[in-house]
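Structure assessment
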Amino acid sequence: MIAYLNRLFNRIRKIKKQWTAQKDKDFHDHVFAAQHYNPFAFSYFGYITIKRFADLAAPYVEKTKSVLDLGCGPAEITCELASRFPHISFLGVDHSIMGIARAKINAQALNLKNIEFQVVAMEAFQATKKFDLILMFDSFHHLSKPRRFLDRMGGYAAQFLLIEPRGDWKGSHIRDFDFDWIVSDLEKIRRRLALKIGEPDAAAAIPGRSEKMPEVAALENRYTLEEFTSFFKGFGLKVRGTVSGLEVFPPDPFLHSPSREFFGSKAYEIFSALDDMLVKNEMDILAKHWVIFASKDLKSNDIRIPRPEFASDDVESVRGPYDVEFLEYDGPRRVKGGSEFRAQVQFHNCSYRRLSSISPENPDFISYRWLDKWGAMVQRDGLRTPLVKIVLPGETGKAEMKIMSPENPGQYILAVDLVQEGKTWFSEAGNPCLRIKMIIKK
């Protein structure tokens, strides 16, 4: 019954988002085209995920001679593995031309001679030989017909290794056992230290980035362990969880500095130890990603039942430069398309710095973004409204926002946020924005 409901929700999601294979490809081309940075340095917090996923895959990869990575994208994890195992041959496959272009740059940066790439969709890929292992890092959930895919690809490999988001019966990603806040809090500490020692704090430029997003995001269907068991009929499964797979990045995510490199390496050590701690306490299956090893040689499934998560009082977080709590929205919830309207917003400054719209460098403003009713970004940049006064730490601020509604009628979400001009949106620094359901009329 659960598997049926998941398939039903996935089908509805596909129809609602007007998904097509071409739009999925366009989305990934846009994402990968913006990647102009070194992914193999701890100063980039995404390297925590790259290195941890490679750590978790390594015990299975090291026993092979040939590995196929399907949906490799820029192949950061596979390049990390290829650098560790130069005697193993790797083939990376992805439908995104931009993704494979970045993959080749990453392989060249590591001087890899044991990895090749092909531009082709996962479900259209035709293998010409058998492989010892097929890898899929956060790509299985992009398949439109996973059962048919596995029936075909199962003839080319007896082993699969997936790292996939933890899903529920609705096909949603369960993030309630999430430790991304560790990175956010460490970055707050690092920033204060950098100010004390006078370390330069300038963001690295990212050339070629476009703010215009494709009309439709990628197809993403999350699955339960019951469904993975059903998909891999004829395979035995071995499953463990991991809290790696960071989704919240600090401001200036591409900044390179000695303190960022130091704190990034310490964050990696913390996430590694935390993964092992959760396994030891039989709670890792509750984590937001699963490492799934499927093998025809396994005679039974090794899927542990997790201990229950214990309730506990919330611990006060480390204060950072972008911590605010939105208190009130007083404004319309039904407006005409393409019209300007006003709304009163109140917020509490929970950060350690004063918020000011008259600061000569990087002033703070109230602003907004428009999301569709599913939460996907429709408009990334809204009108700026200055704060009526300087808001000191611990004080409450308010503003009468000017807001321009989308042209097209329908159901939307108004995401009220603060922005430090030239630095970051507060929500992109890990602070929740205020989401208001809106109806846009003709």
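Our structure's up above, just so we're on the same page.
Source: prediction; values computed, not measured. (Residues numbered from 1 in each chain as written. Predicted model: local features only at pLDDT ≥ 70, side-chain atom pairs only at ≥ 80, totals over all residues. Heavy atoms only, no water.)

**Structural notes on the overall build of the protein chain**
From N to C terminus, the protein chain includes 9 helices and 17 strands. Of all 442 residues assigned to the protein chain, the portion counted as buried reaches 52%. Long-range contacts, defined as pairs at least 24 residues apart, comprise 80% of the intrachain contacts of the protein chain with a sequence gap of at least 6. (Helix = DSSP H or I, 4+ residues; strand = E, 2+ residues; numbered from the N terminus. Buried < 20%, exposed > 50% of the residue type's maximum accessible area, 1.4 Å probe, protein only. Contact = heavy atoms within 4.5 Å.)

**A look at the state of the cysteines**
As enumerated under the stated definition, the model contains 0 disulfides in all. Counting only cysteine sulfurs, C72 is the nearest neighbor of C79, a cysteine outside any disulfide, at a range of 8.3 Å. Classification of C79 as buried rests on a relative accessible area of 0%. (Disulfide = S-S within 2.5 Å.)

**Structural notes on the sheet that holds strand β5 (residues 159–165)**
Spatial strand order, β3-β2-β1-β4-β5-β7-β6: 7 strands in an open sheet with mixed pairing. Pairing within the sheet leaves two strands with one partner each, and these edge strands are β3 (115–119) and β6 (236–242). With strand direction ignored, the average angle separating the axes of adjacent strands in the sheet is 20°. Relative to β3, strand β2 (residues 89–94) is paired through 5 bridges, and the arrangement is parallel. Directly across from L91, in β3, lies its bridge partner E116. Packing against the sheet, helix α4 (residues 76–84) makes contact with β1 (66–70), β2, β3 and β4 (133–137), and its axis sits at approximately 135° to β4. (Pairing = 2+ DSSP bridges. Axes fitted to C-alpha atoms, helices over the stretch in contact; angles between N-to-C directions.)

**Concerning the environment of G245**
Looking at where G245 falls in the secondary structure, it is placed in the loop between β6 and α9 (258–280). Judged by its relative accessible area of 6%, G245 falls in the buried class. Along the primary structure G245 and P165 are separated by 80 residues, whereas in three dimensions their C-alpha atoms are 8.8 Å apart. In contact with G245, other than residues within four places in its own chain, are T49, F53, D180, K288 and H289.

**A closer look at the nonpolar core**
With 52 residues, the main nonpolar core has V61, L81 and F117 as its most contacted residues. With residues up to four places along the chain from it excluded, the contact list for F117 reads C72, A75, C79, L91, G92, I100, A103, K104 and A107. L143, A157, I285 and A294 belong to the second largest nonpolar core, which has 30 residues in total. (Core = buried A, V, L, I, M, F, W, Y, C linked by side-chain atoms within 4.5 Å.)

**Some details on the sheet that holds strand β10 (residues 340–349)**
With respect to topology, 3 strands assemble into an open sheet ordered β8-β10-β14, the strand pairing being antiparallel. Two strands in the sheet have a free side with no partner beyond their single neighbour: β8 (324–330) and β14 (396–404). Taking the axes of each pair of neighbouring strands and ignoring which way they run, one obtains an average angle of 30° across the sheet. One ladder, built from 9 bridges, connects β10 with β14; its direction is antiparallel. Across the sheet, R342 pairs through a bridge with K402, a residue of β14.

**Describing the packing of aromatic side chains**
The final tally for this structure, using the stated rule, is 21 aromatic pairs. Here F42 and Y268 contribute two aromatic rings whose centre-to-centre distance is 5.6 Å and whose plane-to-plane angle is 40°, an arrangement assigned as tilted. Separated by 226 residues along the polypeptide, F42 in the loop between α2 (21–33) and α3 (46–61) and Y268 in helix α9 bring together distant segments of the chain. This pair shows no difference in class: F42 is buried, exactly as Y268 is. Ring centres of F140 and Y223 lie 6.0 Å apart, and the angle between their planes is 75°; on these two criteria the pair is classed as edge-to-face. You can see F140 sitting in the loop between β4 and α6 (146–153) and its partner Y223 sitting in the loop between α7 (181–197) and α8 (225–231), a full 83 residues away along the chain. Here F140 matches Y223 in class, with each residue buried. Grouped by ring-pair contacts, the aromatic residues F140, F160, Y223, F228, F231, F232, F235 and W290 constitute a single cluster. The ring of Y268 carries K51 above its face, with NZ or CZ at 5.4 Å from the centroid. Geometry around W425 places R369 over its ring, the cationic atom sitting 4.1 Å from the centre. (Phe/Tyr/Trp six-rings, centres within 6.5 Å; stacked < 30°, edge-to-face > 60°. Lys NZ or Arg CZ within 6 Å of the ring centre and 35° of its normal.)

**Details of the environment of D372**
The topology assignment puts D372 in strand β11 (residues 364–372). A relative accessible area of 22% places D372 in the partly exposed class. In this structure, the C-alpha to C-alpha distance between D372 and I413, residues 41 residues apart in sequence, is 5.9 Å. Residue contacts for D372: discarding those within four places in its chain leaves V378, Q411, Y412 and I413.

**Quick word on the pairing of strand β15 (residues 410–420)**
Of all 11 residues that make up β15, 9 are buried, and the element is covered over most of its length. Where β11 and β15 come together, 9 bridges link them in antiparallel fashion. Bridging from a neighbouring strand, D372 pairs with Y412 of β15. In terms of strand pairing, β15 meets strand β17 (residues 434–441) through 7 bridges, oriented antiparallel. Across the sheet, residue Y412 finds its bridge partner in β17, namely M438. Where β15 lies against strand β16 (residues 424–425), 2 bridges are found, and the strand directions are antiparallel. Its bridge partner lying in β16, Q420 is registered against T424.

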